[in-house]
Each structure stands twice: as structure tokens, then as C-alpha cells.
Amino acid sequence: MTNQLTFSRQTKNEIYKSINHLKNCCVDVFLYAVFKTLGSLTFTNKGLALAVSTENNDLLNLACKLVKQQYGKTCKVQSENTNSFSGNVIFNAKFDLDLVEKLKLIHYDEQGLLQIVNTTNNFFDDNECCRKIFLKTLFLCCGSITVPVMSEDFTESKKGQRYHMEMVFSDQTFAQSVLELLNWLGFDFKMTKRKSHVVLYLKKPENIADFLVYLNAMKSKLEIENVMIERNLRNVANRQSNCINANIDKALLASNKQIEAINLLQKAGKLALLSVQLRDVARLRLNHPEATLEELAQITGISKSGIRHRLDRLVELSKDITQGETHES
Ligand SMILES: [Zn+2]
């Protein structure tokens, strides 16, 4: 995997392939999801129409094909001259308003005023296939996914790179009803605001993997799991090497302290007055400054705790000297 955009696109391609042959009941659901997320009402010379703009040419072509097939209405996908923010070409198509009405996107209230329908309630007739197509289409229209990219060397991924899956909506009421559906299905999406948009998102990689399974994006699910495994392995490896380094540092620090103490005792003429056992250990430490207690124990045949006790005693005795000096001065 090379970059985040590639992963998002790859996931969408996989999901798109899985919706290529829609069941009859799912067609309206697909169109509804496309119109609801990518559509906007616009005036044309024939009156009000629904304009759909997207970078996803395949998706828009599929929408046109289904409109023709299901409602006998033709529509043409055009590419816009102006480029989008990301530098990609934007495609758009216009759809008849009566189609929008048929799809329950709008309705006329008692006063005959045009109202936009904002909820997904009672839309699927409890069809699992329709529900799935609805969420797949929403992700294709307004979803994205990122996973941490591992660097080539054996270090942790770049800071700030996390697992993240989101869908961005402009309509808060609609986003709320999508959230309710997702939660009802057992997906732990959270909602937040970003400028004028509402974002539904997942952060935990295992939750993202579960949702990818629901969307039939198995390749992407496996890829995210590979990243999780790789990251875990690296974290364990990093922790272990940090741990070993910390222990070595600690041992060297202690040895330095002991050598300082021994030198101090020697300068003060106190070393010669100490017991044979303490003098032997002092010499041992000076001869093997980098040895661990274990290694010193092996050299002498004295127990590790015996060595530690004697070295600690030497450090303590040297403290008496420094304290004595401060008292004298
Ligand atoms: Zn269906």
C-alpha cells in the first residue's frame, strides 16, 4: 500500500464492483442515496431539476443507466471544465424533478410547498439487501478511509496517522438518521461537526474492519488487518529493545557510581582500612567496569546479592566521606 488516497480508492472500487448487479428492490435505494448525498436542486431552462456532481464517473454512469432502465428517462453525464479542489475532473448530470419526487426525496406538503425529505425511516421495507446497498452507496458517495502507513525502516508509523473511516453529510437530520441505522446494525459510529458538515466516523481498526466486511470489501478488510498485525509486532519489538536498553543504561549508571565511590575511598585513604571482602569487590569492579552483577558473581563465585550488598556498602561508605567533608568545611 503506497498512500492513503490509494487505499480509499481501492476500497471504493471493491465496493463498487459488489453493487454492479442490483436487485430490483435496491435500485431506488441506490438512486436515493446518490441523489441525497451528491445532488442539489438547480434551475434549468425546463424548470427545477436535480443536479448531481461527483468525481466518480462510474457511479454517475450507473445512476443514469438505472434511471433509464427503471424510469425510461435519459440523462447525460458531462465533465466539468473547472477542476475540483483535489485537481480531479468533476462529472455532473441533471435528473428530472418528478424522478426526485418518486424517490421520496421531496414531497409537497398540505400547502403545496416543496419539502425535502430528510430521514431514512421506513425506506427499506426491512430488506437487508436494500439496507446494505444504501450504506454501500453512501460510502461510495461521501466516505473515505485512512490507515497508518508504515515507513520502510523499522520504526513506528508517522505521527498523526491513524485508523479512520468517515462519511460526510451536509444534512444534519439525514446524518442523524443514518447514524441511527448504523448503530441499530451494531456499528459504533460517532457523530461530529466539521464546519457546516456532519461527520459520522469510526476510529477503532477492528470496528472499521467489521464495517468493511458488511460492505463486502474483504480485500480492504484484510489489508487493514495486516497493518494492525504489523504495527503490533513493531510495537512489541520496540518495547522490548527499549526495555533492554533501559536495563543496560541502569547497570552502567550503577557501575559508574560504584567506581566513583571506590576512587573516593582510595583518595581518602579509607579503602586500605576496609575488610578483605570489600577490598576484593572494589578491585573486581575497577577491573570490570562494564560487567553486570551477574557477570561479577560468575567471575568470583560469590552470589549476586552478596556482590550487590558489598558494592552498596562501598557507595554508602563513600557518602560518609563526602558528608564528612561538608561538615569540616
Ligand atoms: Zn433490495
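Model, not experiment: these values are computed from the prediction.

Definitions and cut-offs
- Residues numbered from 1 in each chain as written.
- Predicted model: local features only at pLDDT ≥ 70, side-chain atom pairs only at ≥ 80, totals over all residues.
- Heavy atoms only, no water.
- Donors = N, O, S within 2.8 Å, 3.2 Å for Na, K, Ca; no water.
- Tetrahedral: all angles 85-135°; square planar, octahedral: opposite > 155°, others 65-115°.
- Helix = DSSP H or I, 4+ residues; strand = E, 2+ residues; numbered from the N terminus.
- pLDDT = per-residue confidence, 0-100.
- Contact = heavy atoms within 4.5 Å.
- Salt bridge = Lys/Arg side-chain N within 4 Å of Asp/Glu carboxyl O.
- Buried < 20%, exposed > 50% of the residue type's maximum accessible area, 1.4 Å probe, protein only.
- Core = buried A, V, L, I, M, F, W, Y, C linked by side-chain atoms within 4.5 Å.
- Pairing = 2+ DSSP bridges.
- Axes fitted to C-alpha atoms, helices over the stretch in contact; angles between N-to-C directions.
- Parallel < 35°, antiparallel > 145°, perpendicular 65-115°, else oblique.
- Left-handed = near helix turned anticlockwise from the far one by under 90°.
- Disulfide = S-S within 2.5 Å.
- Expected span 1.5 Å × (residues − 1).
- Arc of directions from axis to C-beta.
- Patch = residues over 30% accessible without salt bridge, like charges linked within 9 Å, V, L, I, M, F, W, Y side chains within 5 Å.
- Areas by Shrake-Rupley, 256 points an atom, 1.4 Å probe, with all protein chains shown as cover.

K.L.:
Give me the coordination of the zinc ion: which residues, what numbers.
P.N.:
The protein atoms donating to the zinc ion are Cys25 (SG), Cys26 (SG), Cys129 (SG) and Cys130 (SG), with metal-donor distances spanning 2.2 to 2.4 Å. Geometry at the zinc ion is tetrahedral, judged from the four donor atoms that bind it and their angles of 98 to 117° at the metal. In the primary structure, the donors to the zinc ion are separated according to the pattern C-C-x102-C-C. One end of the pair, cysteine 25, is in helix α2 (residues 24-38); the other, cysteine 130, is in helix α5 (residues 128-142), and 105 residues separate them in sequence.

K.L.:
Residues and numbers for the confidence of the model for the chain, please.
P.N.:
Of the residues in the chain, 88% reach a pLDDT of 70 or more, and the chain-wide mean stands at 84. Counting interchain partners and residues more than four positions distant, the pLDDT-below-50 stretch residues 152-157 has 14 contacts.

K.L.:
Tell me about the pattern of salt bridges, and name the residues and values.
P.N.:
Counted according to the given criterion, the structure contains ten salt bridges. Measuring nitrogen to oxygen at the nearest pair gives 3.4 Å for the salt bridge that ties aspartate 171 to lysine 36. Here aspartate 171 is found in the loop between β8 (164-169) and α6 (172-184), whereas its partner lysine 36 is found in helix α2, with 135 residues between them in sequence. Here aspartate 171 falls in the buried class, since its relative accessible area comes to 19%. Using a relative accessible area of 12% as the deciding quantity, one classes lysine 36 as buried.

K.L.:
Report on the nonpolar core, specifying residues and quantitative values.
P.N.:
Core analysis: the biggest nonpolar cluster contains 69 residues, and Phe30, Phe35, Phe95, Phe134 and Phe211 have the highest contact counts within it. Per-element accounting of this core gives the leading share, ten residues, to α2. In this view, phenylalanine 95 contacts Phe35, Ala49, Leu50, Val52, Ala63, Cys64, Val67 and Cys75; residues no more than four positions away in its chain are not counted. Core analysis: the second largest hydrophobic core is formed by 17 residues, Ile262, Leu293, Leu296 and Ala297 among them.

K.L.:
Any chance you could break down the sheet that holds β8 for me, citing the residues and the numbers?
P.N.:
An order of β7-β8-β10-β9 is seen for the four strands of this open sheet, with the pairing classed as antiparallel. Looking at strand neighbours, the two that pair on one side only are β7 (143-146) and β9 (190-194), the edges of this open sheet. This sheet shows a mean twist of 25° between the axes of neighbouring strands, independent of strand direction. Here five bridges tie β8 to strand β10 (residues 197-202), and the two strands are oriented antiparallel to one another. Residue pairing for β10: methionine 165 is matched across the bridge by leucine 202. Packed on one face of the sheet, α5 meets β7 and β8 and runs near 85° to β8. Sheet strands touched by α6: β8, β9 and β10. Its angle to β10, the strand with the most contacts, is close to 15°.

K.L.:
A description of the packing of α5 against α6 should follow, citing residues and the corresponding values.
P.N.:
For the pair α5 and α6, the least separation of the axes is 12 Å and the interaxial angle reads 125°. One finds that α5 runs oblique with respect to α6. The handedness of the crossing between α5 and α6 is left-handed. Taking contact as the criterion, the partners of Arg131, Phe134, Leu135 and Leu138 in α5 are, on α6, Phe174, Val178, Leu181, Leu182 and Trp184.

K.L.:
Explain the pairing of strand β2 (residues 47-54) residue by residue, including any values.
P.N.:
Regular strands show a simple pattern: their side chains alternate between the two faces of the sheet. Across six bridges, strand β1 (residues 39-44) lies against β2 in antiparallel orientation. Residue serine 40 lies in a different strand from β2, and its bridge partner there is alanine 51. Hairpin remark: β1 followed by β2, antiparallel, with two residues in the connecting loop. Here β2 runs beside strand β4 (residues 89-96); their pairing, made up of six bridges, is antiparallel. Considered in β4, the bridge of threonine 54 is made with phenylalanine 91.

K.L.:
I'd like to hear about the state of the cysteines, residue by residue, with values.
P.N.:
Evaluated as defined, the whole model comprises one disulfide. One disulfide in the model links cysteine 64 with cysteine 75; its S-S distance is 2.1 Å. Between cysteine 64 and cysteine 75, the S-S torsion sits near -135°, and that sign places the bridge as left-handed. In this pair, cysteine 64 sits in helix α3 (residues 57-71) while cysteine 75 sits in the loop between α3 and β3 (78-83), placing the two residues eleven residues apart along the sequence. Distance from the sulfur of cysteine 141, which forms no disulfide, to the nearest cysteine sulfur (cysteine 142) is 6.3 Å.

K.L.:
Any chance you could break down helix α9 (residues 276-287) for me, citing the residues and the numbers?
P.N.:
The end-to-end C-alpha distance of α9, which contains twelve residues, comes to 16 Å, matching closely the 16 Å that a straight helix rising 1.5 Å per residue would cover. Three or more residues of α9 are buried, namely Leu278, Val281, Ala282, Leu284 and Arg285. In a view along the axis of α9, the buried residues occupy a sector of 160°, so they form one face of it.

K.L.:
Outline unusual backbone geometry, supporting the account with residue identities and numerical values.
P.N.:
Although it is not a glycine, lysine 195 sits at a positive phi angle of roughly 55°. Along the chain, lysine 195 turns up in the loop between β9 and β10.

K.L.:
Account for a nonpolar patch on the surface, naming residues and giving values.
P.N.:
Residues Ile244, Ile248 and Leu252 make up a contiguous nonpolar surface patch of roughly 260 Å² in combined accessible area. Mapped onto the fold, isoleucine 248 is located in helix α8 (residues 218-267).

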